[in-house]
Amino acid sequence: MKFRYFKREGPHSVLADDEFYDAVESGLDKMEEEQELREKLKTGQIPITPPPTSPAIQHRLWPEVDRLVKQQVAMARMGIGECGTGWQLFAEDGEMKMYRREEEVDGMVVDPLKAVHVVKGITGHEVCDYFFNPKYRYDWETTLEHMTVLETISDDTLVFLQTHKRIWPASQRDVVFWSHMRKLPNDQDRDGPDIWTVVNNSTESPEHPANVGKCVRIYLTVCLLCQTRVHPPKDGAPITRNNVSCKITYCSVVNPGGWAPASVLRAVYKREYPKFLKRFTSYVINQTKNKPLMF
């Protein structure tokens, strides 16, 4: 006899919202414990062997990449008051402030998020490099089960397939997206360091169609915008990590693909987004503290 697996995720789930949230929270805690253990046991980086590069400007995706990067950077540079109405401050910790706006599409929560943070001792180039570079991805993205570089368009533009760990009772998720890293001129301080950004956006892959098999496809748009601030020492001494800080603006819109209770998703976002930003920036600080500054 063959047994069929029926997903419990959906509006008719037998679990109440509080049970659903408790199960998701427990799954996230377990992932954190596994990540801590991996870091203790880790002896080296996981090698990534991407295919040969090709100039991004000649690629079929380039018009979309260039258009969306410009659009997302412009939106990231806007203040909350300029981004329209409905933004709510939902998390604040020191320099970090996180805002969200409640939105649903076909009954699914797709709340836009905007976070602003200032971190001392790191540069915008360093933050974006660790966020973009696939060889670091397993280190800081704790929900990641498997990551593949489907295509290396150029050194600054990649196409990823990521499968994320299943958190019971939700279905497992995957996502296909292009990622582009770009240096921007510093319009406010022409003598200051350049501004760096990484933009990720969902795309299609004929070899990896959506919602085939056990995974539900996530759709996302993410922008990380980083501006280095230099505070030169008064005595004219060389600039060190004590003299730099990084203003980070993180914007995202994520469609989870499959149904889950809105109250649960918003509770999870409120818990996880601040932890993600603090965990990622702490990781960059630890990785760079004994290395030369990268502007």
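Owing to the predicted nature of the structure, the values given are computational and were not obtained by experimental measurement.

Thresholds applied
- Residues numbered from 1 in each chain as written.
- Predicted model: local features only at pLDDT ≥ 70, side-chain atom pairs only at ≥ 80, totals over all residues.
- Heavy atoms only, no water.
- Helix = DSSP H or I, 4+ residues; strand = E, 2+ residues; numbered from the N terminus.
- Buried < 20%, exposed > 50% of the residue type's maximum accessible area, 1.4 Å probe, protein only.
- Contact = heavy atoms within 4.5 Å.
- Areas by Shrake-Rupley, 256 points an atom, 1.4 Å probe, with all protein chains shown as cover.
- Core = buried A, V, L, I, M, F, W, Y, C linked by side-chain atoms within 4.5 Å.
- Pairing = 2+ DSSP bridges.
- pLDDT = per-residue confidence, 0-100.
- 1 Å grid on protein atoms, 1.4 Å probe; cavity = no way out; pocket = protein on both sides within 12 Å on 5 of 7 lines; lining within 4 Å.
- Points joined across faces, edges and corners; volume = space filled by probe spheres on them.
- Nonpolar A, V, L, I, M, F, W, Y, C, P; charged D, E, K, R; others polar.

1. Overview of the overall build of the protein chain
Helix and strand counts for the protein chain come out as five helices and twelve strands. Relative to its full complement of 295 residues, the protein chain shows a buried share of 51%. In the protein chain, once contacts between residues fewer than 6 apart in sequence are set aside, the share between residues at least 24 apart is 66%. If you sum the accessible surface of the protein chain, you get close to 15,900 Å²; carbon and sulfur atoms cover 54% of it.

2. Notes on the nonpolar core
Counting residues in each nonpolar core, the largest one holds 45 residues, and the members touching the most others are Met 98, Val 127, Phe 131, Leu 224, Tyr 250, Tyr 273 and Phe 280. Among the elements that take part in this core, helix 5 (residues 262–288) stands out by supplying eight residues, more than any other. Among all residues touching Leu 224, those that are not within four sequence positions of it are Val 127, Cys 128, Phe 131, Trp 196, Thr 197, Val 198, Ile 248, Thr 249 and Tyr 250. Listed in part, the 19 residues of the second largest apolar core include Val 73, Leu 161, Leu 184 and Ile 195.

3. Quick notes on the pairing of strand 7 (residues 157–164)
Burial analysis of strand 7 places eight of its eight residues in the buried class, which makes it a mostly covered element. Along strand 7, one buried face is formed by Thr 157, Val 159, Leu 161 and Thr 163 and the opposite face, lined by Leu 158, Phe 160, Gln 162 and His 164, is buried too. For strand 6 (residues 144–154) and strand 7, the ladder comprises eight bridges, and the chain directions are antiparallel. Counterpart to Thr 148 in the pairing with strand 7 is Leu 161. Joining the antiparallel neighbours strand 6 and strand 7 is a turn of two residues. With seven bridges connecting them, strand 7 and strand 8 (residues 173–184) associate as antiparallel partners. Bridge pairing in strand 8 places Thr 157 opposite His 180.

4. A short note on the confidence of the model for the protein chain
When the pLDDT values of the protein chain are averaged, the result is 86; 83% of them are 70 or greater. Taken element by element, the protein chain is modelled with least confidence in helix 1 (residues 17–41), mean pLDDT 65, and with most confidence in helix 3 (residues 124–132), mean pLDDT 98. Low pLDDT, under 50, characterises residues 1–8; the stretch is placed with eight contacts to residues that sit more than four places away or in other chains. Contacts from residues 43–54, a stretch scored under 50 in pLDDT, to residues over four places away or in other chains number 22 contacts.

5. Re the layout of surface pockets
When its volume is computed, the second largest pocket comes out at roughly 310 Å³. Looking at the lining of the second largest pocket, the elements that each hand over two or more residues are helix 2 (62–77), strand 5 (113–120), strand 11 (219–230) and strand 12 (244–255). When residues in the lining of the second largest pocket are grouped by element, the largest group, three residues, is from strand 11. Here the residues of the lining of the second largest pocket are counted per class, giving six nonpolar, four polar and five charged.

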